[in-house]
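If you want the building blocks of each chain, they are given just below.
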Amino acid sequence: MARSGRESKADGDDRTSSGEPHHQLITTTVFPRDIIIEIFTRLPVKSLVRFRCVSKSFKTIISSPEFIKYHLRRLKSSTYSYPFLLIPSTSKLGYRSCPVESLYMNPQQLGFADLDHSPFLIEADRKPFWVVGSCDGLICVAIKRRFPALWNPSTRAFSVFPGFEIPEKKRRRYMVFGFGYDLESNDYKIVSISCYPNKDPNQGIVHVCSSKSRNWKRIEDFKYGLPYDYPGKYVKGTLNWLLDNESSSIVSLNLGTEQYEEVIQPEYQEDVTQKTIGVLEDCLCVMYHRHGDFSDLWVMNEFGSKESWTKLFRLECGRDGFQSLQYAMPLHVTRGRALLWLWSSLAVYNYEDASVVHLLSADVWCAQLYIESLVSPDEQDNH
């Protein structure tokens, strides 16, 4: 039986009414490379990690050092960018994380998720480790205080540094670390201060290891007194420690020049019993505590300028569950609210109306902010 012309055309050569094949009209839209890069810089890290598997060209763009730096600059300059909060995991050995914004928006339903970093734990041989600090999406941890490592929880990449050789084995020795970025050499550095209270109560032995060299070198000793037994705070190319003495001075180490300088504190008139230091929005801050009474938060808006110290708020003890604020320190502030780490718990304090929302009261022995980035723990991947 003969087919109709319509059927014959449908089963035969697939052409348009003009006689041209359909495939000649199908075009592939190809965006210029600059446009693709601009789109990628606006995407979150998790999406970019997945896109690296789409094609070789995508992987080349996203993995290039130039793009990693460009993406990081855009992320840090964004006024809508919120960091992530890292705390110990309650379900397994390791840590969990959630966006800080969610703690403000819906504090009753905390969206913490366990971080998948089992390869890191295997490499660390499941030895005790804790957080030293964070910078540009990299988190520095110390394994048994002798094996520092850099870890990017967003990309799951990690790199263990050479073991630190203890200069001398003496009783009652303790070691403090610091981690930050050297603006002059474009290099991430880990600093270790070995403290011997019995032998040298006013001096610590200092070593530095950079992500480029991976070698420890000794620099000028820390001669201002011994710092408290917790990590230095990174601010604008410097590491800052609070000293364990009567004046509770703050000493800063410039990671570029490797020179020390004492940080001038505000002219505080109150009689205080304790101080803690921290970092808010890349600014050094100090919390002055009068035990059983109150805590005042001061922020140094311009690093190194005494005149830039500003009192942000006062937090009174004995109300809303704040019984002891001796070690309290804000982790983040936004729109009149502060995320507080109370050494073993977390809370959101609204310093405009003095209201408090308690988030966690479990054993939160560590709390660290970080941003999601593509920066690699291996220095050669960033150049």
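Residues numbered from 1 in each chain as written. Predicted model: local features only at pLDDT ≥ 70, side-chain atom pairs only at ≥ 80, totals over all residues. Heavy atoms only, no water.

Within an unreviewed UniProt entry, the label attached to the protein reads F-box domain-containing protein, and the organism entered is Linum tenue.

Caption draft 1: Representation of the pairing of strand β23 (residues 355–360) within the structure. Taken together, the five bridges between strand β22 (residues 346–350) and β23 define a ladder with antiparallel strand orientation. Considered in β23, the bridge of N350 is made with S355. Between β22 and β23, which follow one another and run antiparallel, lie four residues, and A354 among them has a positive phi close to 65 degrees. (Pairing = 2+ DSSP bridges. Helix = DSSP H or I, 4+ residues; strand = E, 2+ residues; numbered from the N terminus.)

Caption draft 2: Looking closely at the packing of aromatic side chains. Applying the stated rule across the entire model yields 17 aromatic pairs. With centroids separated by 6.0 Å and ring planes inclined at 40 degrees, the aromatic side chains of F40 and F51 adopt a geometry described as tilted. Linking F40 in helix α2 (residues 33–40) with F51 in helix α3 (residues 45–51), this pair joins segments that are 11 residues apart in sequence. Exposure remark for F51: the relative accessible area of 29% places this residue in the partly exposed category. Summarising the aromatic geometry, the rings of F313 and Y351 are spaced 4.9 Å apart at their centres and angled 20 degrees between planes, so their arrangement reads as stacked. You can see F313 sitting in strand β19 (residues 309–316) and its partner Y351 sitting in the loop between β22 and β23, a full 38 residues away along the chain. These aromatic residues form a ring-pair network of at least three members: F40, F51, F58 and F67. The side chain of R214 reaches across the aromatic face of F161, ending 4.0 Å from its centre. Of note, R314 hangs over the ring of F294, and the distance from its end group to the ring centre comes to 3.7 Å. (Phe/Tyr/Trp six-rings, centres within 6.5 Å; stacked < 30°, edge-to-face > 60°. Buried < 20%, exposed > 50% of the residue type's maximum accessible area, 1.4 Å probe, protein only. Lys NZ or Arg CZ within 6 Å of the ring centre and 35° of its normal.)

Caption draft 3: Structural view of the nonpolar core. If you look at the biggest cluster of nonpolar residues, it comprises 46 residues, and the most contacted ones within it are F67, F179, I190, V191, F222 and W241. Here the element with the most residues in this core is strand β8 (residues 174–182); it accounts for six residues. Filtering out sequence-adjacent residues up to four positions away, F67 remains in contact with I37, F40, T41, L48, I61, I62 and L374. By size, the runner-up hydrophobic cluster in this structure holds 18 residues, among which are I87, L103, Y104 and L369. (Core = buried A, V, L, I, M, F, W, Y, C linked by side-chain atoms within 4.5 Å. Contact = heavy atoms within 4.5 Å.)

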